[in-house]
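Examination of the molecular architecture
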Amino acid sequence: MAESRKASRYIVPVAVAGVAAATIGLVPALAASGDPDLPEITAQQLIEKIAASDTQTLSGTFRISTDLGLPLEGLTSGLGGLAGGMGGGGSASADPSERLTQLISGSHTLRVAADGPERQKLTLLDGSDEYSLIHNGNDVWAYDSKSKEVFHEKAPAGADAPGAHDGPKGQELPGTPKQLADEVLKAAGDTTSITVDGTAKVAGRDAYQLVIKPKQSGSTVESVKIAVDAANGTPLKFTLASVEGGKPVVDAGFTKIDFSKPAASDFTFKAPEGAKVTEGGAEKAAGEKSDPFGGQLPKGLEDAFGGFGPGAASDKGGVNVIGEGWTTIAKIDTGAPAPKTDEAPKEFQGLLDSFGDKVTGAFGSGTLFKTKIVNALLTDDGRVYVGAVTKDALVDAANAGK
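Residues numbered from 1 in each chain as written. Predicted model: local features only at pLDDT ≥ 70, side-chain atom pairs only at ≥ 80, totals over all residues. Heavy atoms only, no water.

**Remarks on the overall build of the chain**
Using the following cut-off: Every helix listed is a DSSP run of H or I at least four residues long, and every strand listed is a run of E at least two residues long, numbered separately from the N terminus. Using a 1.4 Å probe on the protein chains alone, a residue whose accessible area is under 20% of its type maximum counts as buried, one over 50% counts as exposed, and one in between counts as partly exposed. Two residues form a contact once any of their heavy atoms are found within 4.5 Å. The accessible surface values rely on the Shrake-Rupley method and a 1.4 Å probe; as for residues, cover is taken only from the protein chains in view.
Counting its regular elements, the chain contains nine helices and 18 strands. When the 402 residues of the chain are sorted by exposure, 49% land in the buried category. Residue pairs in contact within the chain that sit at least 24 positions apart in sequence constitute 60% of those at least 6 positions apart. Carbon and sulfur atoms provide 51% of the accessible area of the chain, an area that totals close to 18,100 Å².

Here is the structure:
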């Protein structure tokens, strides 16, 4: 256990502030000609259409692909081993906090269904195996067809479960275009260009293409593109591109969608005979808000689109927010020198070396941990500078903060 506590010190905090800052230009941005041929619409009108959208029922299939540009396969396996050493070995394999972390890398196909805030279902497809997460009234069920294990938990009073239309962010369906679009569009400022750039067919639906780009230099975000259903304003596809190019950082979109009311039977669940059933933690039933995703995938996506803010605080020193908009940087003073890589447990040594670069400046020296969208500079004296900004922007901030 002591070794596990020591290992946990080497998990570098990665968070980003202010990336969701957005504005709608006053100059009309008309939809370009394309297929399908839709009426012209301004960015202002399209934003209003999204805001007015109140889709309560749907079913369909969507694909989510994530490429953060770091060795997540090694990271997740390393952290999985660490979690086991910290006492996580008793959790059922059907526990959503474990299973849904796999969505943070690679490509995945999911089936979804929703009938208002009381009933939602998500099924992760993996070859012939399926993993289902079901919310029906007061119950949340999860079932892993491969292990034949079941996880059950009572939804706390007043809390919506995964997929709820207006539920807490950590409890919505992970990575749906609607959730991701809301994160980007929830704030306003003068740091962003928003235009309508043509039309598209997504999941057989006519859609407008809303394009969001930073006006500021120094951001790692090249653009955010949201395909919006022309009829009802529901986001159908979300694409986040990095200035590094290559594959999108996040590409999540429906391949099939039906807005009619799903059958009630879609949300019923009975544990198969002989299945092992694990009941959720009593501490959550006692009042702690249920987070079936364990703070993993939604937290990562939330951080990438502005879920980190001035109200957050680290264990020591708190958080200072530097700058604004897309180039916001969070400065965290850990209050202790950074641990040396060669002192790290063996699970982390290779990982830290694989995506950490030594950097120097007027601030001294430190290690830059990089992804395609979020970068973090950990100085040797224990300060952390993190944001969706370039290496040079982090070094400049560290130099200024010396």
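**Some thoughts on the packing of aromatic side chains**
Which entries qualify depends on this criterion: For Phe, Tyr and Trp, rings pair up if their centres lie within 6.5 Å, where Trp contributes its six-membered ring, and each pair is then called stacked (planes under 30 degrees apart), edge-to-face (over 60) or tilted (otherwise).
One pass over the full model with this rule turns up three aromatic pairs. Between Trp141 and Phe269, the ring centres sit 5.2 Å apart and the planes meet at 40 degrees, which makes this aromatic pair tilted. With Trp141 in strand β5 (residues 139-144) and Phe269 in the loop between β11 (250-258) and β12 (276-279), this pair connects stretches of sequence that are 128 residues apart. By relative accessible area, which is 23% here, Phe269 ends up partly exposed. Seen in terms of ring centroids, Tyr143 and Phe269 are 5.9 Å apart; in terms of plane orientation they differ by 45 degrees. Their pairing is tilted. Residue Tyr143 is located in strand β5, and its partner Phe269 is located in the loop between β11 and β12; the two are separated by 126 residues in the primary sequence. A network of ring pairs unites the aromatic residues Trp141, Tyr143 and Phe269 as a single cluster.

**Details of the nonpolar core**
Formally: Put simply, buried Ala, Val, Leu, Ile, Met, Phe, Trp, Tyr and Cys residues joined by side-chain atoms within 4.5 Å make one nonpolar core.
In terms of nonpolar packing, the biggest core is built from 31 residues, with Leu210, Val224 and Leu240 touching the most fellow members. Taken together, the elements giving at least two residues each to this core come down to α2 (43-52), β7 (192-202), β8 (205-214), β9 (221-229), β10 (235-242), β14 (329-333), β17 (375-379) and β18 (383-387). Residues Val140, Phe151, Ala155 and Phe254 belong to the second largest nonpolar core, which totals 26 residues.

**Remarks on the pattern of salt bridges**
What counts is decided by this rule: Here a salt bridge means any side-chain nitrogen of Lys or Arg lying within 4 Å of a carboxyl oxygen belonging to Asp or Glu.
All chains considered together, the criterion is met by twelve salt bridges. A salt bridge links Lys370 to Asp357; its shortest N-O distance comes to 2.8 Å. Residue Lys370 is located in strand β16 (residues 364-370), and its partner Asp357 is located in strand β15 (residues 356-361); the two are separated by 13 residues in the primary sequence. With a relative accessible area of 33%, Asp357 lands in the partly exposed category.

**Overview of the pairing of β14**
Note the following rule: DSSP bridges decide pairing: two strands pair if at least two such bridges lie between them.
In terms of burial, β14 is a largely internal element, four of the five residues being buried. The loop that links strand β13 (residues 319-322) with its antiparallel partner β14 comprises six residues; one of these, Gly323, has a positive phi angle of about 80 degrees. Note: β14 against β18, four bridges, orientation antiparallel. Counted as the bridge partner of Ile332 is Val384 from β18.

**Observations concerning the sheet that holds strand β6 (residues 149-154)**
Let me state the cut-off plainly: An axis is simply a line fitted to the C-alpha atoms; with a helix, the fit covers only the stretch in contact. Between two such axes, the angle follows the N-to-C directions and lies from 0 to 180 degrees.
In space, the twelve strands of this open sheet follow the order β7-β8-β9-β10-β11-β1-β2-β3-β4-β5-β6-β12, with mixed pairing throughout. Only two strands of the sheet have a single partner each, and these edge strands are β7 and β12. Pairwise comparison of adjacent strand axes, ignoring direction, gives a mean angle of 15 degrees for this sheet. Across seven bridges, the pairing between β9 and β10 is antiparallel. Note that in β10 the partner of Val224 across the bridge is Leu240.

**Concerning the sheet that holds β18**
Within the open sheet, the six strands sit side by side as β13-β14-β18-β17-β16-β15. Their pairing is antiparallel. At either margin of the open sheet sits one strand with a lone partner, and together these are β13 and β15. Averaged over neighbouring strand pairs, the angle between their axes works out to 25 degrees when direction is ignored.

**Things to note about unusual backbone geometry**
Positive phi, close to 60 degrees, is recorded for Lys148, a residue that is not glycine. Tracing the chain through its elements places Lys148 in the loop between β5 and β6. Looking at Lys148, the relative accessible area reads 47%, which means it is partly exposed. Even without a glycine there, the phi angle at Ala203 is positive, about 55 degrees.

**Examining helix α9 (residues 391-400)**
Helical geometry note: an α-helix holds 3.6 residues per turn, so side chains three or four residues apart project in the same direction. Short version of the rule: In this context, the arc is that of the directions from the helix axis out to the C-beta atoms.
Listed as buried for α9 are Leu394, Val395, Ala397 and Ala398. Buried positions in α9, seen along its axis, are confined to an arc of 160 degrees and lie on one side of it. In α9, the exposed residues that point more than 90 degrees away from the buried face are Asp392, Asp396 and Ala400. Looking at the buried positions of α9, the neighbouring elements they touch are β13, β14, β15, β16, β17 and β18.

**Section: α2**
Of the positions making up α2, those classed as buried are Ala43, Leu46, Ile47 and Ile50. The buried residues of α2 occupy one face: seen down the axis, they fall within an arc of 100 degrees. Opposite its buried face, α2 presents the exposed residues Ala51 and Ala52, each directed more than 90 degrees away.

**Notes on the confidence of the model for the chain**
For clarity, the threshold we go by: Every residue is assigned a pLDDT by the predictor, reflecting its confidence on a scale from 0 to 100.
Averaged over every residue, the pLDDT of the chain is 73; the share at 70 or more is 63%. Confidence drops under a pLDDT of 50 for residues 1-34, and excluding neighbours within four residues, the segment shows 101 contacts in the predicted structure. Scored below 50 in pLDDT, residues 282-317 makes 79 contacts in the model with residues more than four places away or belonging to other chains.

**Focus: the side chain of Thr371**
What counts is decided by this rule: N or O atoms closer than or at 3.5 Å make up a polar contact, with two conditions inside protein: a donor-capable atom paired with an acceptor-capable one, and, for residues adjacent in sequence, both atoms drawn from side chains.
With respect to the secondary-structure elements, Thr371 resides in the loop between β16 and β17. On the accessibility criterion, Thr371 (13% relative accessible area) is buried. For Thr371, the side chain forms a polar contact with the main-chain nitrogen of Ile373, separated by 3.1 Å. For Thr371, the side chain forms a polar contact with the main-chain oxygen of Val374, separated by 2.7 Å.

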